[in-house]
Amino acid sequence: MQRIGVIGCGLMGSGIAEVCAVAGLDVVVVETSPAVVAAGRDRIARSLEKARSKGRIKDAEAVLGRIRIVDAVEAVADRDLVIEAIVEDERAKVHLFKTLDTVVTSPHAVLATNTSSLPVMKLATATSRPSHVVGLHFFNPVPVLSLVEFVPTLLTADQVRHRTRDFARHTLGKHVIDSQDRAGFVVNALLIPFILSAVRMVESGFASAEDVDEALVRGCAHPQGPLALADLIGLDTTAAVARSLYEEFKEPLYAPPPLLARMVDAGLLGRKTGRGFHTYA
């Protein structure tokens, strides 16, 4: 897997593209929004310069030169691996996988999704090659966090399992854990109920957002509180993952609280909009 395609140049897509380029791979990123392209390119450049200043890479310009950002999905036709990193919306992802199935020419190419909550099988069966579809769930910020959840489906071929897991572990240098194909995988199945409990505390007036986060940072040695983490993830993404979990398991602890839904409706999505449970300059 030397030629990599990434669909989406947001926080996750740009981070995935960066780690692939740092590993010496040829990367094509597809993004149709000019504003997202500009932001993504700037984000990658800043991250690489920071890595260079800390001695993690030698030549930021050389790494950046291995990334091409284009606006046509046909540009990934020759890729060995294509990683989808678009909005957490099932309909949009299914449509994209149907498109990739017709665009990507090699029968040996692997199509991967970075979904944080949707069943991978729904995307695999949208293609004519379900044996070559897997989940590769990275974590934000991708260049910093080492974990990748590897999620094969019931139809994933053994050779594809081995190739893709080895790619994440040995080529990208990530720590890979295996998960069954169920909504939320490992991390979000544990994390989202925790975040939703914190939201309900604020919603009920039990404690302020500031006090909830301070309690977990100072009392449990967490690097950041659950509501600050939700702001980092994006409250829209947090709500989308919660809905996927609730749809699959019908457990009340997975149901998005009304406060979270109202904040998403209001466009208070966290760090990316400057305001969520906390305010950001």
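Further up the page is the structure itself.
The rules we used
- Residues numbered from 1 in each chain as written.
- Predicted model: local features only at pLDDT ≥ 70, side-chain atom pairs only at ≥ 80, totals over all residues.
- Heavy atoms only, no water.
- Helix = DSSP H or I, 4+ residues; strand = E, 2+ residues; numbered from the N terminus.
- Rg over C-alpha atoms; globule rule 2.2 N^0.38 Å.
- Buried < 20%, exposed > 50% of the residue type's maximum accessible area, 1.4 Å probe, protein only.
- Contact = heavy atoms within 4.5 Å.
- Areas by Shrake-Rupley, 256 points an atom, 1.4 Å probe, with all protein chains shown as cover.
- Lys, Arg positive; Asp, Glu negative; His and termini not counted.
- Charge placed at Lys NZ, Arg CZ, Asp CG, Glu CD.
- 1 Å grid on protein atoms, 1.4 Å probe; cavity = no way out; pocket = protein on both sides within 12 Å on 5 of 7 lines; lining within 4 Å.
- Points joined across faces, edges and corners; volume = space filled by probe spheres on them.
- Pairing = 2+ DSSP bridges.
- Axes fitted to C-alpha atoms, helices over the stretch in contact; angles between N-to-C directions.
- Core = buried A, V, L, I, M, F, W, Y, C linked by side-chain atoms within 4.5 Å.
- Phe/Tyr/Trp six-rings, centres within 6.5 Å; stacked < 30°, edge-to-face > 60°.
- Expected span 1.5 Å × (residues − 1).

S.K.: Which parts of the structure should I look at to understand the overall build of the protein?
M.R.: When its secondary structure is counted, the protein shows 11 helices and eight strands. Taking 281 residues into account, the globule formula puts the C-alpha radius of gyration at 19 Å, and the protein, at 19 Å, falls close to it. Its C-alpha atoms give the protein principal-axis dimensions of roughly 55 × 45 × 30 Å. The buried share among the 281 residues of the protein stands at 49%. For the protein, long-range pairs separated by at least 24 residues make up 67% of all intrachain contacts whose partners lie at least 6 apart in sequence. Counting every atom, the protein has about 13100 Å² of accessible surface; 55% of that belongs to carbon and sulfur. Side chains of the protein give 31 positive and 32 negative charges; the mean places of these two sets differ by 3 Å.

S.K.: Mind showing me how you'd approach the layout of surface pockets here?
M.R.: It is a probe the size of a water molecule, rolled over the atoms, that shows where empty space is left. Empty space within the second largest pocket amounts to approximately 690 Å³. Lining the second largest pocket are 27 residues; nearest its centre among them are Glu18, Ser47, Pro141, Pro143 and Val144. Of all the secondary structure elements, the ones that give two or more residues to the lining of the second largest pocket are α1 (11-22), α2 (34-53) and α9 (226-233).

S.K.: Which parts of the structure should I look at to understand the environment of Met263?
M.R.: Tracing the chain through its elements places Met263 in helix α11 (residues 258-265). Classification of Met263 as buried rests on a relative accessible area of 9%. Here the alpha-carbon distance between Met263 and Arg182, two residues 81 residues apart in the chain, equals 27 Å. Not counting chain neighbours up to four residues away, the residues in contact with Met263 comprise Leu235, Leu268, Leu269, Gly276 and Phe277.

S.K.: Any chance you could explain the sheet that holds strand β6 (residues 133-138) here in plain terms?
M.R.: Pairing in this open sheet of eight strands is mixed, and the strands run β3-β2-β1-β4-β5-β6-β7-β8 from one edge to the other. Edge positions in the sheet fall to β3 (67-70) and β8 (175-178), since each of these pairs with one other strand and no more. Between one strand axis and the next, the sheet turns by 25° as a mean value, whatever way the strands run.

S.K.: Which parts of the structure should I look at to understand the nonpolar core?
M.R.: Generally speaking, nonpolar side chains in soluble globular proteins are found buried as a group. Formed by 37 residues in total, the largest nonpolar core has its most connected members in Ile4, Ile16, Cys20, Val27, Val29, Ile67 and Phe138. Per-element accounting of this core gives the leading share, six residues, to α1. Apart from residues no more than four positions distant in its own chain, Phe138 is found in contact with Met12, Ile16, Ile83, Asn114, Leu147, Val148, Leu172 and Lys174. Counting 23 residues, the second largest nonpolar core, distinct from the first, contains Ala183, Leu191, Val199 and Ala230.

S.K.: Help me out: how do you make sense of the packing of aromatic side chains in this one?
M.R.: Note on aromatic pairs: each is described by the distance of the centres and the angle between the planes. Applying the stated rule across the entire model yields one aromatic pair. Their ring planes at 40° and their centres at 5.7 Å tell us that Phe249 and Tyr254 sit as a pair that is tilted. Owing to a relative accessible area of 25%, Phe249 belongs among the partly exposed residues under this scheme. A residue is classified by how much of its surface remains accessible, and Tyr254, at 9% relative accessible area, is buried.

S.K.: Could you clarify how one ought to interpret helix α10 (residues 235-249) in this entry?
M.R.: Side chains that are three or four residues apart share a direction in an α-helix, a result of its 3.6 residues per turn. Spanning 15 residues, α10 covers 21 Å between terminal C-alpha atoms, matching the ideal 21 Å at 1.5 Å per step. Among the residues of α10, those classed as buried are Leu235, Thr238, Ala239, Ala240, Val241, Ala242, Ser244 and Leu245. Lining the buried residues of α10 we find α7 (187-203), α9 and α11. Directly after α10, the chain includes Lys250, whose backbone phi takes a positive value near 55°.

Purely geometric stuff here, so don't read any function into it on its own.
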